[in-house]
Amino acid sequence: MATDDTEIIRDVAFTDSLSEKYLAYALSTIMSRSLPDVRDGLKPVHRRLLYAMRQLKLDPSSGYKKCARVVGDVIGKYHPHGDQSVYDAMVRLAQDFSVRYPLVDGQGNFGNVDGDNPAAMRYTEARLTEFARILMDGLDEDAVDYRETYDGEESEPVVFPGGFPNLLANGASGIAVGMATSIPPHNLAELCEAMILLIDKPHCSHDALMGRVPGPDFPTGGIIVETPESLAQSYETGRGSIRVRARWEKEDTGRGTYQIVVTEIPFQVGKSKLIEKIADLINARKIPILADVRDESTEDVRIVFEPKSKNVDADILMEGLFRLTDLENRFSLNMNVLDGGRVPRVMGLRSALTAFIDHQINVLVRRKRFRLGKIEQRLEILGGYLIAYLNLDEVIRIIREEDHPKQDLMKTFELTDVQAEAILNMRLRSLRKLEELELRKEDKSLRAERKDIKALLADPEAQRMTVRDDFAALGERFGKSTDIGRRRTGFGSAPDGEPLPMEAMIEREPVTVVCSQKGWIRALKGHNVSESDLKFKDGDALKFMLPAHTTDKLLLFASDGRFFTLSADKLPGGRGHGEPLRLMIDFDQGADIIAMFVQREGLRLLLASTAGRGFIVDAKKVEAGTRGGKAVMSVSGASRALAAIEAVGDHVAVSIKNKKLLVFPLEELSELSRGQGVQLIKGKDGPISDVKTFALEDGLSWPMGGGAGRTRTETDLVPWLGKRAQAGKAPPRGFPANGKMRG
């Protein structure tokens, strides 16, 4: 009877169903996709790839097969996912710049450090490397458990025996749900030394362990500039970051010139994108002391930097490049792995190595038990052979004459079924006398081996020593004296203290900054610029001209009370009329630039507004970090910022057109970082016209009329001396009618 479909429909809350399904997805991602196993350091896709290649007999000594064939077997038998993702995983295992000890030996185009894509899988070929062989050594000896594949037609290993410490030797990275892993590669010889130390001294200090494994060993080399204390803490907790820099050297090119050559770049940094980024920085004039970058790489990395001049300091140039580009990179350390119980957790260096050692001991015990079973089977057969040799004539007679020779042999000589079957399957040539001697020799050898295996299985300490010897042999075979075993990544130190300022990246050259009345600005080379040589647009004229250097910063004060900051090296060159200031800074349409200074140490400015208020400010506090500037002087209503002058001398003179003049000590002005300031002079007679600082003993000077550039100086200022905020008195005869004391 058919079942009504409505009977199997269940009402479930959407949130409950979503939580259940997402949890299943998250567990699948964590357990079967993204996190490596601490025992063999592999994710399922890598493990299935290598196992499929082993099943295809792609041993290191055999020939290559097309990668398409391997990928087909992997997705058809073991890993039902996309072929491209499987091929990408295979390619990475073959790239000597991606993994420290490649597990796949690729033939063809497998990509390069520039970031170029590999050829399609139908063109490339591959086989296993010796490291992959060691990793899987023991699969046929019951070293690990097997499970059914996704379709139940075949079986696959749950984990590899892992005679090679792949997790730390090659590292791993992956993103799961709610967690991620990022493990750098390490030197195999150093890992073997660390594991030997843990076997000899299980409770050794973390510092002793770090003495064996000082840090990562990246396949692309580079220099680790992290402090030993920071590295030790990261490896103890399993979390941290490692700062890596490119390796470089200075090459003399003759006549006092030089070039910088980078021979190693940080791990996982694409060379072509790196060079493109540096070229963009040169074009954007963000590294003005760097003239050119060239890629002269062949099989080895060789990136050449050409400084702008021979006076550029190489260390300063490289420090700037390290700060602005991926020539310095940080590798995240997050040793989040699946432990032996398939539970994700973050392990430190000691925990990861200890887990691998325990796995190797377990593999050793299982392999020895498997071998012991094989020995027992062989000894049983050898026992039957020896009985047959002692009673050869009777055995031959039974075989020739009896109807049921197997049963008669078992009954006559008390043989087992296996022994009788072996005798019946024995070849005639084995009846030689010499063969009997060889069987007795083999029997003796196997009994001795059985005794040794039983002793080993009964002695945990002997098991640890056996594993120790295996590590020692592995470390010696791929030691630092070998080409693949040598340490590639060095250790160094970065400059202490604050990072280099951008001024250090600029070549110091003299320039003259010219700004017109309509706001066009430019920088002419040198300080010997004549005002008569300057040209402006029709209706425009000179407003500011001041000497500076390319390393200087310019402070611009606007009538709305805001300060703006420009770098002298960013100003347009002297050809033409320059560029409008409004393209470089954002100031109000009705505002105007009323003062311009070159920033320097100890510079103090007196700010004044038309409302008769003012204060002194340290120039360091007015630097603006954005195009919008920094509001320093508050103005309201019809008042505007009137002046920003250098606070030098000991007195201040304030004028209100041709009506009032007041002179008071400079020390009576307050020093603020921002605000309206204090009252300078009583303003009943209108807005102030000008303000000036000077030394009282030198007198107060002001320009005389006409174009001769003559000035007049009044030294007897007693009638106008007073206190700040007083009304002042009528100025002396000859004082400018507009009250301007600074021209």
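These lines cover the structure that appears in this document, whether it is placed above or below. Fair warning: this is a prediction, and the values are worked out from it, not measured in the lab.

## A word on the environment of A624
Point 1. You can see A624 is positioned in the loop between β26 (613-618) and β27 (630-631).
Point 2. Look at A624 and you get buried, because its relative accessible area is 13%.
Point 3. Sequence separation between A624 and V467 is 157 residues; the distance between their C-alpha atoms is 65 Å.
Point 4. Sequence-distant contacts of A624, defined by excluding residues within four places in its chain, comprise F563, F564, T565, G629 and K630.

## Quick word on the sheet that holds strand β29 (residues 651-656)
Point 1. Ordered by their spatial adjacency, three strands build an open sheet running β30-β29-β32, and the pairing between neighbours is antiparallel. Every interior strand has two partners, whereas the edge strands, β30 (660-665) and β32 (690-694), have only one. For this sheet the average axis-to-axis angle between neighbouring strands, irrespective of direction, equals 20 degrees.
Point 2. One ladder, built from five bridges, connects β29 with β32; its direction is antiparallel. Directly across from S655, in β32, lies its bridge partner D690.

## Considering helix α9 (residues 228-237)
Point 1. Turning to α9, its buried residues are L231, A232, S234 and Y235. Axial view of α9: buried residues confined to an arc of 165 degrees, hence all on one face. Exposed residues on α9 whose side chains face more than 90 degrees from its buried face are E229, Q233 and E236.
Point 2. Residues of α9 that are buried in the fold lie against α8 (206-212), β8 (223-224), β9 (239-245), β14 (328-334), α12 (349-390) and β17 (490-491).
Point 3. In the segment just after α9, G238 is the residue with positive phi, at about 85 degrees.

## Describing the nonpolar core
Point 1. Counting residues in hydrophobic clusters, the biggest one holds 84 residues, and the most contacted among them are L50, M90, L103, F164 and L353.
Point 2. If we ignore the near neighbours within four places in the chain, the residues touching F164 are Y101, L103, F131, I134, L135, A169, N170, L188, F356 and L474.
Point 3. Residues V262, L274, L281 and F322 belong to the second largest nonpolar core, which totals 25 residues.

## Quick look at a positive patch on the surface
Point 1. Judged by side-chain charge, R285, K308, K525 and R575 come together as a positively charged surface patch.
Point 2. Here R285 lies in the loop between α10 (271-283) and β12 (290-295).
Point 3. The partly exposed category is assigned to R285, whose relative accessible area is 41%.

## Section: the sheet that holds strand β18 (residues 510-516)
Point 1. If you walk across this open sheet you meet the four strands as β20-β18-β19-β23, and the pairing is antiparallel. Each edge of the sheet is formed by a strand with only one pairing partner; in this case those strands are β20 (542-549) and β23 (579-580).
Point 2. Strand direction decides the pairing type here: β18 and strand β19 (residues 520-525), joined by five bridges, are antiparallel. When the bridges of β19 are listed, V513 appears paired with A523.

## Some words on the side chain of E156
Point 1. You can see E156 is positioned in strand β5 (residues 155-157).
Point 2. A polar contact is formed between the side chain of E156 and the side chain of R48, at a distance of 3.0 Å.

What counts and what doesn't
Residues numbered from 1 in each chain as written. Predicted model: local features only at pLDDT ≥ 70, side-chain atom pairs only at ≥ 80, totals over all residues. Heavy atoms only, no water. Helix = DSSP H or I, 4+ residues; strand = E, 2+ residues; numbered from the N terminus. Buried < 20%, exposed > 50% of the residue type's maximum accessible area, 1.4 Å probe, protein only. Contact = heavy atoms within 4.5 Å. Pairing = 2+ DSSP bridges. Axes fitted to C-alpha atoms, helices over the stretch in contact; angles between N-to-C directions. Arc of directions from axis to C-beta. Core = buried A, V, L, I, M, F, W, Y, C linked by side-chain atoms within 4.5 Å. Patch = residues over 30% accessible without salt bridge, like charges linked within 9 Å, V, L, I, M, F, W, Y side chains within 5 Å. Areas by Shrake-Rupley, 256 points an atom, 1.4 Å probe, with all protein chains shown as cover. Salt bridge = Lys/Arg side-chain N within 4 Å of Asp/Glu carboxyl O. Lys, Arg positive; Asp, Glu negative; His and termini not counted. Charge placed at Lys NZ, Arg CZ, Asp CG, Glu CD. Polar contact = N/O pair within 3.5 Å; in protein donor to acceptor, adjacent residues only side chain to side chain.

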